[in-house]
Amino acid sequence: MEVKFQHSGLKRKLVLDDEDDDSNKVYRFKVLLPNGTSVGLTLKEKEPEISFQGFIGLIRDEYDVVRRQSESVKRKRMINWKSESLYLEDAHDRKTKSRINLRHFHPHKCHILQLHDGSGEIAKTFENMWDLTPDTDLLMELPEEYTFETALADLIDNSLQAVWLNGENDRRLISVNVLENRISIFDTGPGMDNSDENSIVKWGKMGASLNRLSKVQAIGCRPPYLVPFFGMFGYGGPIASMHLGSCAIVSSKTKESKKVYMLRLAREALLSNSGAECTWRTSGGIRDPSDDEIEKSPHGSFTKVEILKPKVKNLDIYKLQCKLKAYTFHIFRWHDNVERWMCDELSKFGRTITPVEFQVNGVDLTEIEGGEAAVTNLLSCNGPEFTILLHFSLKEEKLATNGPGSKASQKANARIKCIYFPIRQGKENIERILERLDAEGCGVRENFENFSRVSVRRLGRQLPDARWALLPFMDLRQRKGDKSHLLKRCCLRVKCFVETDAGFNPMPSKTDLALHSPFSIALKNLGNCPRDKEKDVDVEIYRAGKKLTFLRLEKEYQDWLLQMHDSYDEEIESGEDQPVLVVSPLNKKALGISSDVIRVHQILKRNGVLWKSGQRIKVLKGACAGCHKNNVYATIEYFLIEGFQGDSGGEARIISRPLGLENGCILNVKDENASLDIHNSLTLPISVIDSRKCVAINDTDWLRQLEKQSRKTPSTIDLLNAKQCQELEVDGALPTDVTIHAGQVPPMEIVAVLRPSSFSFSDASNGLDQKDMVKINLEMSMEVKFSKTKKRQDVTHIFSLHIAPSSCKGFHGLYKFPVGCKYPHLFQEAGVYTFSFSINHSGCQNYKRTILVVPSHKIGKWQLLSDEKVPAYNVRVGSCFPLFSIACHDIYDNPIPFTSIPNIKIKLIMNEDLLVGVAKMKPSLSPDNLVLNIEDVMIESNGLDSIRPHYEATLMIYLQDESVSISVKCQVTPGALYRIKACSQLPGNQLLPGFVIEQFVLEMYDAYGNHVAEGLEVQFQLDGFSIPGQIGSKYKVDDHGCIDLGGLLKVTAGYGKPVSLSVLHDGEVTFNQAFQTENRELRISSRVNEHCVAGSTLENLGFEVVDSNGAVDKTFHDDEMCGQFHTLVLKSESFKTDDSVRYAFRHGCCNITSFPLPQIEGPLCFKAFHSRYTELYCDVKISLVHAPKVESNEIEPCSDGKVFFLRNSPSVKNDNVGSLLPLVKYEKELENEVCKYGERVGRWENFLKILDCRKTGIERYMSGLQASLEPNLMNNLDCLSTKEEMMKTIERRGHSAAAILCSLPQGPGMHVTEDVVGVVGLLGTVSTIKLSRLFLPHFYGLYETKRNIAKSFCYFNSFWISLLQDFS
């Protein structure tokens, strides 16, 4: 913001903000006015000079603005702006009334000028001279708790950090004076002035100090980290001074300045100036240094903070001196280390330093011998310290989450130094420290047990509130095992000093380390398993330059403890009598010792007092372990001292028998070997005498305690009744009835008490009285047992509880056992419940209460009693189930007896739609009426097909009113085979030989109409039928209860034959059905002469097959293509015929064109029959006669050479011409037949040529395949078998089909193996399965492949032979 003013004809720019321009210089001034106010000017001026009046005008304009805004300025006196005595004076006492030369002032720096108006009144302080407005975020970090000492220590930290910066030969003094009305802190540091880099404003403005930015220099330095970079938050000065008093004056001077600059802080003024703009402006001033200040700081620089009107009154200066020494003791004790470190740092610049003087009210703190730090250091032992170095660092993933701009430290270092405070002459040195501090008036509210054994220092400065308990690796109080008792005592004699560098952040009040810092958490839990926050921190442990693990750290620390104990502890030297040595006692833990040798005394002198065995003592409450809650009255038995006489480190114990115990400690000495058995006696440390918590008592007090003990001694255990529990508002009474029903709700709590011996049950009232209840610190046990029978032979443990006594409604000694809340179903099982109560006290009788729980009257369910001997409930229909044994249970599953045989019903549930009632059964009860037995339950049903194939069902047994039922999973299977039904009849008009019945199913039923079960075996007897592929005669029923013969049953009987089908089961015929095949007849259809010429030929001999109606059966048709082979064979016993010649049937007829007759005269009979169905035959009978003799010259050929004429033949007479005419006619017919056969031969020759061409193509194709398979054949030489080798291989395969085929006799027309092996067998040996599988179908076609496999080429050769014979 720029504001323009016009004054005295000059136009000037007054810049009210801190804007800067690279082309212009900026000059800043703070003008102190004569009436005690101040204004600030910022000039942005190109001209080097400005007139005096113009400058005064700018000051006046700014003053008018301030005066209008401030009420306090309005109350100030008026300034004589027109005075001729006006002049300006700078910090160097230079005065000016002429032009202002800006070149005499440094730009970008604030210059203080004081205006004088000639009035002679000069103010000492000036309002709003300094602007102390802090950063907003710092106001959120102000410390909540501040004590007088910590606030004063904060100011001392500033002084210490200041004097550390002094040059060589400069005095380094810190002087603190605490008076009733004033507190001053004076240091001889470099001081402050009005310059920007060293402005006194930075002391009073929170966050402006640069000291806190030096923190990084104090991370990673050498232990004990004595580097005075205490600045952490930047608000220690103003906050601490305002905490000490209501007003503070800061006076400071540098070597370069002649004046002392003052800053005045007043709480009320700061609060009144903090308006909506959040500005804190305070007054200040300039003065000359005093003589005292010059004397204390001969080098000319200092800072003095004066606190006016301090809040603390009547302060003990000595205590303050002790506390301040404790805060800074570590620094000044090792100031040589400080000097050495500082010399190392400053030697680079050739500088030297002088020691720091620290005075409080004129007394040097080095001369103060009191205080916790000094006393602690004085009473520590001279033995070696246990020192470890710790290095903490954030893990990489944590650094990534913090971000590069995070203010948190990424590394930190600490040194832990453990110092041992031994016990001397029977007294702990820590107790001596506490006593001495208390005597000096510096006592702390601690004792030996809760003494703070960890102190924390940061950069050498003690944090007063960091009084921690033992670090986890130091705390051995819960340790178990060898020497555990010794380690438990020794670990309490250690004080740990933790020294940290600046990597650890303190609390804002600097009284403790920051609680939520990951480094602080990791330090506090050193030795424990890392928690979530500690997992982000890596901890490295070093001791004597060697890196340690946590386990190794614990081991070395424990070894150091035992070493210090053996070397420096002095428990006690000896007793007053001759001791008894006990070597290697067996019960060290019970005795509270760790040594292998103990001396047993009966007289001991301690602190001038003689203690003897048998003496009665009182151990006060809290004296030691075992005496926490009450005073203990006991009798001294022995004194134990560890080790031999003269050994150091031996501890002493007192063995005493508490009042009321009879079994005490026993010392046995036999053959110079002594043993000590403590039994129930109590072992006490000898320190109870030193602490005066063990006192001797007289006989009167002892008898009084005996009387009290007898009144408090429990005699018996009793349970409170319902009325007494109601008085306590507790539901806690067991049932008074001996017998209860199952399901009764148990009491929520059972309250038991201990009755004294004076208690009488007869005189006792129903109300509660404390005198009837013993209050004793003993646990009571309750055990609940259960037995199902009254004889209690099967007792089982239910639960047990151990309860300590408690109080309720003002009554003590109540043992409240939670029962109903933990075991709400306790009384639901019927049986005997026994409640046993006991305590570990010999004089108290135990208590028992027995409760009998009987079953409830409410019926809950029936339960089937399973018997391992009885198989699963799987029965056949029509048979009886095994015995059903059913028990009745109440609603809590307890068995209850049946009052009578119930009216029950049974039904079988097979599916949702099918229910079968069961009427046949026989119920009965067992002798004790606990079991209902149901026998002879029979299932009769024809609906089992609905639950095939598993036959699973549910048998439900229920009362007639269906209030109670039981379901039994069962399996009901069909009965035995009773009848068989053929669901489809055989077609009577189609029973022909070779006919396959397509539909024929036999349904198998039991006696109730259910299909029989799957897998039932039956035997078939077939007459005239066969089932191809079936081995044996046994068949199994399928999953539908049927045997399906459709497509399997084939007629094998001939024509006109009876056939039958029978089914047998268990040797009996269950089913039989008979049939008869169709009748067929073979007859001759042509006319045959009764007389034929011997040696002639029968021509056109015809046969036909006719049915019973005489019609020709045209199905008799030879068709090799369709696999129908119908041929006719002629056979005669009179002459030799070739029965291999077959004559084909064509549409039921067979025509034999020529059949040669023998040359023998006489009757001739031959049979014509079907080649497959031999029952179809007919006999042909003829008579053969001599043929007439004809001379050769009698035969003249005709002109065409085809017809012969008989000439001059004596046999050819005119009367024989008629007989020769048929011969001529026959010759002509024969000639016609020969022509026809010639034509057929021509057609077959053409067909053979086509086949030969195809064969040539196949051979070429095979050659190509062979060429392509040569590489594979070379790798598969086993497949290059010859035909003979292949046949032998097939024959060796036993009963395979191929072996049987090869073993058949190879007669004429049966050279099957020649072609089968040649075409199929050898092709099966090719190198790839694909070729063997695809070659024939691909090459010949599917039909030709089947034909070649089924037929042999020999068959075709026979056919051509027979055909040629016909031609002849």
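Predicted model, so just to flag it, every value in this text is computed and none were measured.

## Let's talk about the overall build of the chain
Right, so step 1: Across its full length, the chain carries 26 helices and 76 strands.
Right, so step 2: Long-range pairs, those at least 24 residues apart, make up 68% of the contacts in the chain between residues at least 6 apart in sequence.
Right, so step 3: Accessible surface computed for the chain: about 73000 Å², of which carbon and sulfur atoms make up 50%.

## A look at the pairing of strand E54 (residues 922-925)
Right, so step 1: Sheet topology note: the E54/strand E55 (residues 931-935) ladder contains 4 bridges and is antiparallel. Within E55, the position partnered with Lys-922 by the bridge is Glu-935.
Right, so step 2: Between E54 and E55, which pair antiparallel in sequence order, lie 5 residues; one of them, Asn-929, sits at a positive phi of approximately 60°.

## Some words on the sheet that holds strand E65 (residues 1058-1065)
Right, so step 1: Read from one edge to the other, the open sheet built from 4 strands follows the order E62-E60-E65-E66, with strand pairing classed as antiparallel. Edge positions in the sheet fall to strand E62 (1034-1036) and strand E66 (1068-1076), since each of these pairs with one other strand and no more. Averaged over all adjacent pairs, the angle separating strand axes in this sheet is 25°, with direction ignored.
Right, so step 2: Alignment of strand E60 (residues 1017-1023) against E65, held across 5 bridges, turns out to be antiparallel. Residue Phe-1020 lies in a different strand from E65, and its bridge partner there is Val-1063.

## Concerning the packing of aromatic side chains
Right, so step 1: The final tally for this structure, using the stated rule, is 30 aromatic pairs.
Right, so step 2: For the pair Tyr-420 and Trp-560, a centre-to-centre distance of 6.2 Å together with 90° between the ring planes defines the contact as edge-to-face. Pair noted here: Tyr-420 is in strand E20 (residues 411-420) and Trp-560 is in helix H15 (residues 550-568), with a separation of 140 residues, a long-range link.
Right, so step 3: For Tyr-420, a relative accessible area of 1% corresponds to the buried category.
Right, so step 4: Its relative accessible area of 2% is what places Trp-560 among the buried residues.
Right, so step 5: Residues Phe-1116 and Tyr-1173 carry aromatic rings whose centres are separated by 6.5 Å and whose planes lie at 70° to one another, so their mutual orientation is edge-to-face. Of this pair, Phe-1116 sits in the loop between strand E69 (1097-1107) and strand E70 (1127-1132) while Tyr-1173 sits in the loop between strand E73 (1162-1170) and strand E74 (1177-1185), placing them 57 residues apart in sequence. In this pair, the class of Phe-1116 matches that of Tyr-1173, namely buried.
Right, so step 6: Through pairs of rings, three or more aromatic residues link up here, namely Phe-386, Tyr-420, Phe-473, Tyr-557 and Trp-560.
Right, so step 7: Across from the ring centre of Tyr-958, 5.0 Å away, lies the NZ or CZ of Lys-907, which sits over that ring.

## Brief notes about the environment of Pro-422
Right, so step 1: By the element assignment, Pro-422 lies in the loop between E20 and strand E21 (423-424).
Right, so step 2: Given a relative accessible area of 0%, Pro-422 falls into the buried group.
Right, so step 3: Through-space distance from the C-alpha of Pro-422 to that of Glu-570 is 7.5 Å; in sequence the pair is 148 residues apart.
Right, so step 4: Sequence-distant contacts of Pro-422, that is, excluding residues within four places in its chain, are made with Cys-381, Lys-427, Glu-428, Asn-429, Tyr-568 and Asp-569.

## Some details on the pairing of strand E53 (residues 914-918)
Right, so step 1: In this structure, strand E52 (residues 904-911) lies alongside E53, joined through 5 bridges in antiparallel fashion. Note that in E53 the partner of Leu-908 across the bridge is Val-916.
Right, so step 2: Joining the antiparallel neighbours E52 and E53 is a turn of 2 residues.

## Things to note about helix H18 (residues 699-712)
Right, so step 1: In this model H18 runs 20 Å from its N-terminal to its C-terminal C-alpha over 14 residues, within 8% of the 20 Å that 1.5 Å per residue would give.
Right, so step 2: Measuring from the backbone nitrogen of Thr-700 back to the side-chain oxygen at the start of H18 gives 3.3 Å, which picks out Asn-698 as the cap.

## What to know about unusual backbone geometry
Right, so step 1: The linkage connecting Arg-948 with the following residue, Pro-949, adopts the cis geometry, with an omega of 0°.
Right, so step 2: Positionally, Pro-949 belongs in the loop between E55 and strand E56 (952-959).
Right, so step 3: For Lys-809, which is not glycine, the phi torsion reads 55° and is therefore positive.
Right, so step 4: Position of Lys-809 among the secondary structure elements: in the loop between strand E44 (806-808) and strand E45 (811-818).
Right, so step 5: Notably, Asp-893 is not glycine yet its phi reads approximately 70°, a positive angle.
Right, so step 6: Of the residues examined, Asp-893 reaches a relative accessible area of 40% and is grouped as partly exposed.

## Observations regarding the pattern of salt bridges
Right, so step 1: Applying the stated criterion across every chain, the model contains 34 salt bridges.
Right, so step 2: Across the salt bridge formed by Lys-588 and Asp-596, the nearest N and O atoms sit 2.2 Å from each other.
Right, so step 3: What emerges from the salt-bridge pattern is a single network uniting Arg-543, Lys-546, Arg-552 and Glu-556.

## Here's the deal with the sheet that holds strand E26 (residues 537-543)
Right, so step 1: Taken in spatial order, the 7 strands line up as E24-E23-E25-E20-E19-E26-E27 in an open sheet, and their pairing is mixed. Either end of the sheet is taken by a strand with one partner, and the two such strands are strand E24 (461-468) and strand E27 (546-548). Direction aside, the axes of adjacent strands within the sheet are offset by 25° on average.
Right, so step 2: Examined bridge by bridge, E26 and E27 share 3 bridges and lie antiparallel to one another. Within E27, the position partnered with Ile-541 by the bridge is Leu-548.

Definitions and cut-offs
For every chain, the first residue of its written sequence is number 1, and the numbers climb from 1 along that sequence. Only residues with pLDDT of at least 70 get local features here, since the model is predicted, and only at 80 or more are side-chain atom pairs given and counted; chain-wide, interface and lining totals rely on the full set of residues. Side-chain measures here rest on the full set of heavy atoms in the structure, leaving out hydrogens and waters. Strands here are runs of E lasting at least two residues and helices are runs of H or I lasting at least four, both read from the DSSP assignment and numbered beginning at the N terminus. Any pair of residues with heavy atoms lying within 4.5 Å of one another is described as a contacting pair. Values of accessible area rely on a 1.4 Å probe in the Shrake-Rupley scheme; residue burial ignores everything except the protein chains shown. A pair of strands is labelled paired if DSSP reports no fewer than 2 bridges between them. Angles here are taken between N-to-C directions and fall from 0 to 180 degrees, while the axes themselves are lines fitted to C-alpha atoms, restricted in helices to the stretch in contact. Centres within 6.5 Å are what make two rings of Phe, Tyr or Trp a pair, Trp counting through its six-membered ring; a difference in plane orientation under 30 degrees is then read as stacked, over 60 as edge-to-face, and the rest as tilted. Think of it in three bands: residues with accessible area under 20% of the maximum for their type are buried, residues over 50% are exposed, and the middle band is partly exposed, with areas taken using a 1.4 Å probe on protein chains only. In our convention, an over-ring charge means Lys NZ or Arg CZ found within 6 Å of a ring centre and within 35 degrees of that ring's normal. Here the expected length of a helix is defined as 1.5 Å per residue gap, with one fewer gap than residues. Whenever a nitrogen or oxygen atom comes within 3.5 Å of another N or O atom, the pair is scored as a polar contact, on the condition that within protein one atom can donate a hydrogen and the other can accept it, and that pairs from neighbouring residues in sequence are kept only if both atoms are in side chains. Between Lys or Arg on one side and Asp or Glu on the other, a salt bridge is scored when a side-chain nitrogen of the former is within 4 Å of a carboxyl oxygen of the latter.

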